[in-house]
Amino acid sequence: MDLNNILGVVLAGGKSQRFGQDKSQVKLNNQLLIDYILMEIVDEFKEILIIANEPIKFMQSENISITKDFKYGLGPLGGVLTAMKWVKENDKKYQWISTFPSDTPFFTKKELKLFYKKIKINESKLFFVKSQKTRHNIFGVWSVDLINRLESDLLRGERKVEVWANSIGVNTVDIEY
């Protein structure tokens, strides 16, 4: 995959209702959870976009931008659509977005590179990481061509990433090593 065609996107707009506080802002070993993922991906992409609905702290870098969900309360799919709309509205040339949750301190560049290496780009418009027999629906690569279908389905009420991905056809990429 050509990383120049991919916008890195960190989804940090969730309510964290079950957790009780914004997970991206929790510290582990004196470091914010969001910074763990940012440190792994910041040098891998030309640009990174963080989707966050409240002011948050994160490591600063020239290639990191932040925006709010285009419409609050649509869950992770809303964040994905926000990133796709950001690409279009800012006249960016990205053909793909690569999404990451903001609360995953153990995902590394090694897994990211293995994921990209194994993607067969002509086989789907959506790819998710699979490890230990589990599909990880937020670690994904999404074609920006999905924007209209995603917006239509979201506004019709579909909120579950797994259901939506299955309905359009998703390929999983096993990153066991």
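The structure this text deals with has already been given above.
The structure reproduced in this document is the subject of the present report. (Residues numbered from 1 in each chain as written. Predicted model: local features only at pLDDT ≥ 70, side-chain atom pairs only at ≥ 80, totals over all residues. Heavy atoms only, no water.)

## A look at the side chain of S98
- Here S98 shows up in strand β6 (residues 96-101).
- Exposure remark for S98: the relative accessible area of 1% places this residue in the buried category.
- A distance of 2.5 Å separates a polar atom in the side chain of S98 from a polar atom in the side chain of Y116.
- Other than its neighbours up to four places away in sequence, S98 contacts I6, L7, G8, V9, F45, Y116, G140 and V141. (Helix = DSSP H or I, 4+ residues; strand = E, 2+ residues; numbered from the N terminus. Buried < 20%, exposed > 50% of the residue type's maximum accessible area, 1.4 Å probe, protein only. Polar contact = N/O pair within 3.5 Å; in protein donor to acceptor, adjacent residues only side chain to side chain. Contact = heavy atoms within 4.5 Å.)

## Some details on the layout of surface pockets
- The volume enclosed by the second largest pocket comes to roughly 260 Å³.
- Secondary structure elements with two or more residues in the lining of the second largest pocket: β7 (126-131) and β8 (134-143).
- Residue composition of the lining of the second largest pocket, by class: 7 nonpolar, 4 polar and 3 charged. (1 Å grid on protein atoms, 1.4 Å probe; cavity = no way out; pocket = protein on both sides within 12 Å on 5 of 7 lines; lining within 4 Å. Points joined across faces, edges and corners; volume = space filled by probe spheres on them. Nonpolar A, V, L, I, M, F, W, Y, C, P; charged D, E, K, R; others polar.)

## Some points on the sheet that holds strand β4 (residues 48-51)
- As summarised here, the arrangement of the 7 strands in space is β5-β4-β1-β6-β8-β7-β9, forming an open sheet in which the pairing is mixed. Edge positions in the sheet fall to β5 (64-67) and β9 (171-174), since each has one partner strand and no second. Here the strands of the sheet are splayed against their neighbours by 30° on average, with no regard to which way each runs.
- The strands touched by helix α3 (residues 109-118) within the sheet are β1 (6-11), β6, β7, β8 and β9, with β8 carrying the most contacts at an inclination of about 65°. (Pairing = 2+ DSSP bridges. Axes fitted to C-alpha atoms, helices over the stretch in contact; angles between N-to-C directions.)

## Section: helix α2 (residues 75-89)
- Taking 1.5 Å as the rise per residue, α2 with 15 residues should run 21 Å; its terminal C-alpha atoms sit 21 Å apart, in good agreement.
- By the burial criterion, the buried members of α2 are L77, G78, G79, V80, L81, T82, A83, M84, K85, W86 and V87.
- D91 occupies a position one or two residues after α2 and carries a positive phi of about 50°. (Expected span 1.5 Å × (residues − 1).)

## Brief notes about the nonpolar core
- One finds I34, I50, F100, F115 and Y116 to be the most contacted residues of the largest nonpolar core, which totals 30 residues.
- Secondary structure elements with two or more residues in this core: β1, α1 (33-41), β4, β6, α3, β7 and β8.
- Ignoring any residue separated from it by four or fewer positions in sequence, one finds I50 in contact with V10, A12, I34, L38, I56, F58, I64, S65, I66 and T67.
- V9, W86, Y94 and V161 belong to the second-largest nonpolar core, a separate cluster that totals 27 residues. (Core = buried A, V, L, I, M, F, W, Y, C linked by side-chain atoms within 4.5 Å.)

## Let's talk about the side chain of K85
- Tracing the backbone through its elements, the reader meets K85 in helix α2.
- If near-sequence neighbours (up to four positions away) are discounted, K85 is found in contact with F70, I147 and E151.

## Concerning the pattern of salt bridges
- Summed over all chains, the structure comprises 6 salt bridges.
- D153 is the partner of R149 in a salt bridge, and the nearest nitrogen-oxygen pair spans 2.8 Å. One end of the pair is R149 and the other is D153, both in helix α4 (residues 147-155) and 4 residues apart, which spans about a single turn. (Salt bridge = Lys/Arg side-chain N within 4 Å of Asp/Glu carboxyl O.)

## Describing the packing of α4 against helix α5 (residues 161-168)
- Contact geometry of α4 with α5 gives a least axis separation of 12 Å together with a crossing angle of 135°. The angle between the axes of α4 and α5 places the two elements in the oblique class. Of the two possible hands of crossing, α4 and α5 adopt the one that is right-handed. Contacts between α4 and α5 pair R149, L150 and D153 from the former with W164, S167 and I168 from the latter.
- For the contact of α4 with α5, the residue count by class is 3 nonpolar, 1 polar and 2 charged. (Parallel < 35°, antiparallel > 145°, perpendicular 65-115°, else oblique. Left-handed = near helix turned anticlockwise from the far one by under 90°.)

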